[in-house]
Structure formats: structure tokens, C-alpha cells
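Topology and contacts: notes
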Amino acid sequence: MPLERAIMIKIKNSEEIGAMRRVGRITADILAEICAAVEVGVSTWDLDQIAVRATKARNAIGACYNYPGRLKPFPAYVCTSVNDEVVHGIPSKTRKIQSGDIVSLDFVAEYEGFMGDSTRTVAVGEVPDDVKKLLDVTERALYAGIDQAVEGNRLGDISFAIQCCAEEAGLGIVRELVGHGIGKEMHEAPRIPNYGKKGTGPVLKAGMTFAIEPMFMLGREEIAIDGDGWTIRTADGKYAAHFEHTVLVTKDAPEILTRYGVAP
Ligand code: MF3
Ligand code: CO
């Protein structure tokens, strides 16, 4: 292969797809419980306690807990990133949710040896119109990316669709952080940037499973990492949003394995 190095993207067989569906459902249900608990006065640590209980109630594993990091392993079940925090915020007893906050909840479950990864950013109380738009456009970009996850398309089609949503709305893209393949491992090949070129990259095949996760920001496209080695925030302090689903590529419509609010 000239120019592009071949990357191995796993194709899941029907048993593995069954397990991915089950963990996807569990992930969605747990994330829904966490999101439902977000209200003024609740601490991000309280939200983590909900995540712990909801995970154990389903005999699942919280895959973020103890995930190795630069300075220390991640110490909680769910990443709670508030306002200018983009990803990997560490739950804290002293970080109480206030009206006007936006809270990203990023949760990964493991069940039967497979992973489901999903994120939602929720607004608490009234938020300004530009923040509302940030959340709407980031979520819309997630679905625009997912729409491209069909057999025969290229990986760059997903990235391009996401990028277009940000650009049309005048939002910044977090370029350092990417979506990813997912299966037995939380992070498998390929990397899925939130910007890219249509018609480039590997051809998608039925049975691939991806975590697609646009992260957009209101301000300048620069991020910084806190002294805790985990929390990533915008350099200019403006708000960021993050939405993520685990998705199965099929021959026709992509299957959203972590879709919320679906009946069993
Ligand atoms: N959705 C996040 C990711 O793909 C979850 C990682 S949390 C961590 O990076 F703590 F495990 F890093
Ligand atoms: Co992810």
C-alpha cells in the first residue's frame, strides 16, 4: 500500500457482535442513570457513586476505574468534565453542580470481556444560547459521523462529516483527541479524528465497531492538561462539549449499540 500504511481493524464475528450489543445496552442504561442524577447541588463524586452502583447492579465492570495514566490510574468509574473541562475530569466531593453548568459524563462498561463507551453532555438549568448551540451541534455531529459508518465508505467520511458540522457552526474542534475502534479493548485501531478528508482512509466493513466521539469547543482550538495528569480543559476557559456512541458498521444502517431510551 503506497502512502497509507495498512492498519488492522478487527471485524467482529456474530458471537462478538452479540456481546458488543449486550455491553452497549448496559453502557447506555448506566449512562442514562448517571445523567438522570445530574442536578444542582449534586457533586461529581455523587455522580460517580451512582455509576459504581449502577455498574455493580448489572454485574458489569467500570473500565475507566484504574485505567493507567501518565501520573496515576484513573480513580473513578465515570469521567465528569464540567464547563471548560473537555474530557477525563476526575469526580470530586467538592465539585458541586450549579445552575448554568454543562457536565460531560463519559462512561465505559466492560461485560463478558467486551467494552461499550458512551458520553453525553448535559446542561443544568438555563445556559446561554451559544452554549445550547455547542451542545446541539456536537450531538448532531455525532449522528452525522455515525451516518457515514456503513460498509463501503471510508474512515475519512466519518471524520469529514463531523468536521463539517463544527465548521458550519463556527465551533472549534478538539484535534488532539480522537474516537477509536472498540471491542475487547477500550481503544483499538483505528484512530477516528473529528476532522478529515472524504474518500480517504481504510474502507469500512460490516462487523467493525467504533467509538465515535466529537469534542467541540466555543473558543480557540487549544487544550491544556491539569496537574492531576487527567483533566483536559480548554486553554482559554471557554466551554467544550462531548458526545459519544459505540457503533456497529453494517451493510446498511449503522447500529448504535449505546443508543439511549430503547426498549429491550
Ligand atoms: N471515552 C474515554 C476514552 O475513550 C474513556 C476513557 S476514561 C479513562 O478515552 F479513564 F479510562 F481513561
Ligand atoms: Co471513547
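Below: a short report on this structure. In this text, all values refer to a predicted model and were calculated from it rather than measured experimentally.

Thoughts on the site of ligand 1
Around ligand 1 lies a shell of 14 residues, among which Cys64, Asp106, Asp117, His180 and His187 are the nearest. In the environment of ligand 1, an oxygen atom lies 3.0 Å from a nitrogen or oxygen atom belonging to the side chain of histidine 180. A distance of 2.9 Å separates an oxygen atom of ligand 1 from a polar side-chain atom of histidine 187. About the coverage of ligand 1: the protein hides 95% of its 340 Å² of free accessible area. Residue composition of the shell around ligand 1, grouped by class: seven nonpolar, three polar and four charged.

As for the pairing of strand E4 (residues 102-111)
Within E4, eight of the 10 residues are buried, which leaves the element mostly enclosed by the surrounding structure. Alignment of strand E1 (residues 61-62) against E4, held across two bridges, turns out to be antiparallel. Directly across from isoleucine 61, in E4, lies its bridge partner glutamate 110. Sheet analysis places strand E2 (residues 78-82) next to E4, joined by five bridges and oriented antiparallel. Residue pairing in the sheet places threonine 80 in a bridge with leucine 105 of E4.

Some details on the side chain of histidine 245
Residue position: histidine 245 is located in strand E14 (residues 245-248). Polar side-chain contacts of histidine 245 include one of 3.0 Å to the side chain of tyrosine 143. Reaching out from histidine 245, the side chain makes a polar contact with the side chain of threonine 258 at a distance of 2.7 Å. Those residues within four positions of histidine 245 in sequence are excluded, and the remaining contacts are Asp117, Ser118, Leu142, Tyr143, Ile146, Phe210, Ala211, Ile212, Ile256, Thr258, Arg259 and Tyr260.

A word on the packing of helix H3 (residues 129-147) against helix H4 (residues 155-169)
At their nearest, the axes of H3 and H4 sit 8 Å apart, and the two run at 160° to each other. The angle between the axes of H3 and H4 places the two elements in the roughly antiparallel class. Judged by the twist between their axes, the crossing of H3 over H4 is right-handed. Residues Lys133, Val137, Arg140, Ala141, Ala144 and Gly145 of H3 lie in contact with H4, whose contacting residues are Ile158, Ala161, Ile162, Cys165 and Ala169. Residue composition of the contact of H3 with H4, grouped by class: eight nonpolar, one polar and two charged.

Looking at the sheet that holds strand E13 (residues 240-242)
Read across the sheet, three strands follow the order E6-E10-E13 without closing on themselves; strand pairing throughout is antiparallel. What marks the edges here is a single partner per strand, and that holds for strand E6 (172-173) and E13. Here strand E10 (residues 215-217) runs beside E13; their pairing, made up of three bridges, is antiparallel. By the bridge assignment, methionine 217 is partnered in E13 with alanine 240.

Section: helix H2 (residues 44-57)
Between the first and last C-alpha of H2 there are 20 Å, a value that for 14 residues agrees with the 20 Å anticipated at 1.5 Å per step. Along H2, the positions that sit buried rather than exposed are Thr44, Leu47, Asp48, Ala51, Val52, Ala54 and Thr55.

Some thoughts on the pattern of salt bridges
Enumeration over the complete set of coordinates arrives at 13 salt bridges. Residues arginine 95 and aspartate 101 are paired through a salt bridge, measuring 3.4 Å at the closest nitrogen-oxygen approach. With a relative accessible area of 25%, arginine 95 lands in the partly exposed category. Given the relative accessible area of 4%, aspartate 101 is considered buried. Glutamate 221 serves as the salt-bridge partner of arginine 175, at 2.8 Å between the closest nitrogen and oxygen. Remark: glutamate 221 occurs in the loop between E10 and strand E11 (223-225) and arginine 175 occurs in the loop between E6 and strand E7 (179-181); sequence separation between them is 46 residues. Look at glutamate 221 and you get partly exposed, because its relative accessible area is 37%. Connected through salt bridges with shared partners, the residues Asp84, Glu85, Asp226 and Arg233 form a single ionic network.

Reading the values: rules and limits
Within each chain, residues carry numbers counting from 1 in the order of the written sequence. Chains carry letters and ligands carry numbers; both start at the beginning, A for chains and 1 for ligands, and go up in the order they are written. Per-residue local features are limited, in this predicted model, to residues with pLDDT of at least 70; the limit for side-chain atom pairs, both in listing and counting, is 80 or more; totals at the level of whole chains, interfaces and linings are taken over all residues. The basis for every side-chain value is the complete set of non-hydrogen atoms in the structure, without hydrogens or water. Any residue with at least one heavy atom within 4 Å of a molecule or strand is counted as near it. By the criterion applied in these results, polar contacts are pairs of N or O atoms within 3.5 Å in which, for protein atoms, one can donate a hydrogen and the other can accept it, and in which residues neighboring in sequence qualify only through two side-chain atoms. Every accessible area reported is derived by Shrake-Rupley at a probe size of 1.4 Å, with residue values counting cover from the shown protein chains alone. Residue type decides the class: Asp, Glu, Lys and Arg count as charged, Ala, Val, Leu, Ile, Met, Phe, Trp, Tyr, Cys and Pro as nonpolar, and the leftover types, Gly among them, as polar. Exposure classes here rest on a 1.4 Å probe applied to the protein chains alone. A residue is buried below 20% of its type maximum, exposed above 50%, and partly exposed in between. Secondary structure elements are defined from DSSP: runs of H or I of at least 4 residues count as helices, runs of E of at least 2 residues count as strands, and each element is numbered from the N terminus. At least two DSSP bridges between two strands are required for those strands to pair. Whether two residues touch is decided by their heavy atoms; if any such pair falls within 4.5 Å, the residues are in contact. Axis geometry follows a simple rule: fit a line to the C-alpha atoms, using only the stretch in contact for helices, then measure angles between N-to-C directions, giving values from 0 to 180 degrees. Should an angle fall under 35 degrees it is taken as roughly parallel, and over 145 as roughly antiparallel, whereas 65 to 115 is taken as roughly perpendicular and any remaining angle as oblique. By convention the crossing between two helices is left-handed if the near helix lies anticlockwise of the far one by an angle smaller than a right angle, and right-handed if it lies clockwise. Expected span, for any helix, means 1.5 Å times one less than how many residues it has. A side-chain nitrogen of Lys or Arg and a carboxyl oxygen of Asp or Glu constitute a salt bridge if their distance falls within 4 Å.

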